[in-house]
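Architecture at a glance
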Amino acid sequence: MFPTSWLLCLAFIDLVLATGYLNLALPNGYHEARNAAPSGFTLVEPAPADATLKLRFALAQNDPDGLISALYDVSDPASPTYGQHLTKMEVDKFVAPRPAAVEAVDNWLREKKIAGTRLSHTGDWVGFDLPVRQANEHFAANFSIFLDTRTGKQIIRTLAYALPAELQGHVDFIHPTISFASTGSRHRALVAKPTVANSVKQGIPTACVNGTTPACLQYIYGIPSTPAVNRDNQLGVTGRQGGIAGYSYLKTFLETYRPDMDPNTNFTVVGIDGGSNNQSLPSISEGNLDIQYTVGVATGVPVDYVFVGTEWQDGEFEGWLDEANYLLALDNPPQVMTTSWGEYEESYFSRPVTERLCQAYAQLGARGVSFLVASLDGGVGCSPDNITNFEATFPSNCPYVTSVGGTDHYDPEIAWPYSSGGFTNYFPTPAYQKAAVSTYLARYGHENAGRFNASGRGFPDISALATQYPIFEGVWFDSGGTSAASPVIASMVALVNDRLRSIGKPPLGWLNPLLYSEKGILALTDITSGNSSITCTDSDQPRGFDAVPGWDPVTGLGTPSFDKLLALAGF
């Protein structure tokens, strides 16, 4: 049953659909609402009453705060339980839905004669199909058709909805409702340039005259070429539609730049949501970049390519939740994951949706998985609600992943201008980075003041080279971006884990508390030159942050070296 005040709310929703704008000073009762459709979407008309919506409940979990406490306990090097990662069963107990929530949802679905389907192994997600007419009635919503002007595709969304009284306190949110994920394929942009000439240039180390090759990375960061020995120490790489990684291309790459390796060294593929590394399909080069610079850098580490297709079981999560649920359902997920894909924070996912996805990464961290993500290549971003403001990226905005920014040049490195970084509007500054971020804000916060959330989680956390990566895709060409930087650091972490495994120590797991510790900061090379710089409109002035001493929202804490990272790990 709904309170009578919600009838008045429905009238406001009609006004929203007529004007495209929702005044947030609404009568009480709405569970989620947004002030307007994000930039790039326009209202078309009310959705047909008989159109079927695929919705899902996010059930209230048993002890989500306890999960975060446990994550810190096993990840903070000052904790007496550091490194004592949780088992799958222990993590599941924190996030399994409360019995009262299960009962309330089951009773409501039964009363409404709606079939529900359990969508996660813990049961905290329940999916169901519902005609628009009933969805509007049950959730005080007004589902309508919106046009994605960038792709010409249409989606059905509402700008506000309410929870029936019987579900309040038992359901965290309903999805998809007010989230507007773009209908197009998104990935970080490749930086295609002519291949660097094979000749010594002034200021470039000899090892790097051919670009940022494996040999160059080994020289710059001290990455060993000695093969890993533990086959149960795995490195996972996220693949997405279009990111085909060629087997023959990898062989040519290894023959050219890792002649000390067996050129037949390969990787395994796991397809979810219909994903397939089909060699007959065209590639957007992302897959070849990621695979060539994990297999070719993490010598001897087994690499799993987790390829997410487009038959999404998670609806407008677009495979993000499906991948997380796949990993969480494994008894032994890869100890390191790297993903080069992302979204913009405010433009695509609502706060509750983002928080639940982020919590999935926290679950993986508690189980000893280091989850690294590219910060993306759009500088400070352009907020959809106010073009003068900056916009963070997902999943870098999540405090429980390690966000990797980009650098340029070799000796010394400087900030790469397109390295995304800034402050999220969705998560507060986490405890592990408060000192570093507070120092930055005290010294430099007046620059760009008012254009970012100074109380938000700052990113990136660390950085690596982001330019002049030669890849092979039938022809040689240079690529780059933070999606090159993230696989490189992930490879370093995987090699450290191999050494730790050999002496009976646990993997590094969630990295951030270690990196932001006093010893962690000293183990990194601070990047103090360069800046991020982009424009959002033709008339826009360049916007960005400067790389400065200490943590900054361009390069984070700086770049790692293998030997210092290994020592930091206690080897």
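Before any of the text, the structure's been laid out above.
Computed from a predicted structure; not experimentally measured.

**Observations regarding the sheet that holds strand β9 (residues 171-175)**
On the basis of which strands lie adjacent, the open sheet formed by four strands has the order β4-β5-β3-β9 and antiparallel pairing. This sheet does not close on itself; its edge strands, each paired only once, are β4 (117-118) and β9. Along the sheet face, helix α5 (residues 132-139) touches β3 (52-59), β5 (125-131) and β9 and points at about 120° away from the line of β5.

**Remarks on empty space enclosed by the protein**
Throughout the structure, instances matching the rule amount to three cavities of 30 Å³ or more. Looking at the largest cavity, its volume works out to about 80 Å³. Forming the walls of the largest cavity are 13 residues, and the residues nearest its centre are Asp124, Trp125, Asn325, Leu328 and Gln363. Of all the secondary structure elements, the ones that give two or more residues to the lining of the largest cavity are α9 (320-329) and α11 (351-366). Per-element accounting of the lining of the largest cavity gives the leading share, four residues, to α11. Among the residues forming the lining of the largest cavity, the class breakdown is five nonpolar, six polar and two charged.

**A look at the pattern of salt bridges**
Overall, the coordinates contain eleven salt bridges when judged by the stated rule. A salt bridge links aspartate 260 to arginine 258, with the shortest nitrogen-to-oxygen separation between them at 2.7 Å. Arginine 543 serves as the salt-bridge partner of aspartate 540, at 3.1 Å between the closest nitrogen and oxygen. Residue classification places arginine 543 among the buried positions, given a relative accessible area of 3%. In this structure, a network of salt bridges that share partners links the residues Asp124, Asp172 and Arg356.

Cut-off values and rules
Residues numbered from 1 in each chain as written. Predicted model: local features only at pLDDT ≥ 70, side-chain atom pairs only at ≥ 80, totals over all residues. Heavy atoms only, no water. Pairing = 2+ DSSP bridges. Helix = DSSP H or I, 4+ residues; strand = E, 2+ residues; numbered from the N terminus. Contact = heavy atoms within 4.5 Å. Axes fitted to C-alpha atoms, helices over the stretch in contact; angles between N-to-C directions. 1 Å grid on protein atoms, 1.4 Å probe; cavity = no way out; pocket = protein on both sides within 12 Å on 5 of 7 lines; lining within 4 Å. Points joined across faces, edges and corners; volume = space filled by probe spheres on them. Nonpolar A, V, L, I, M, F, W, Y, C, P; charged D, E, K, R; others polar. Salt bridge = Lys/Arg side-chain N within 4 Å of Asp/Glu carboxyl O. Buried < 20%, exposed > 50% of the residue type's maximum accessible area, 1.4 Å probe, protein only.

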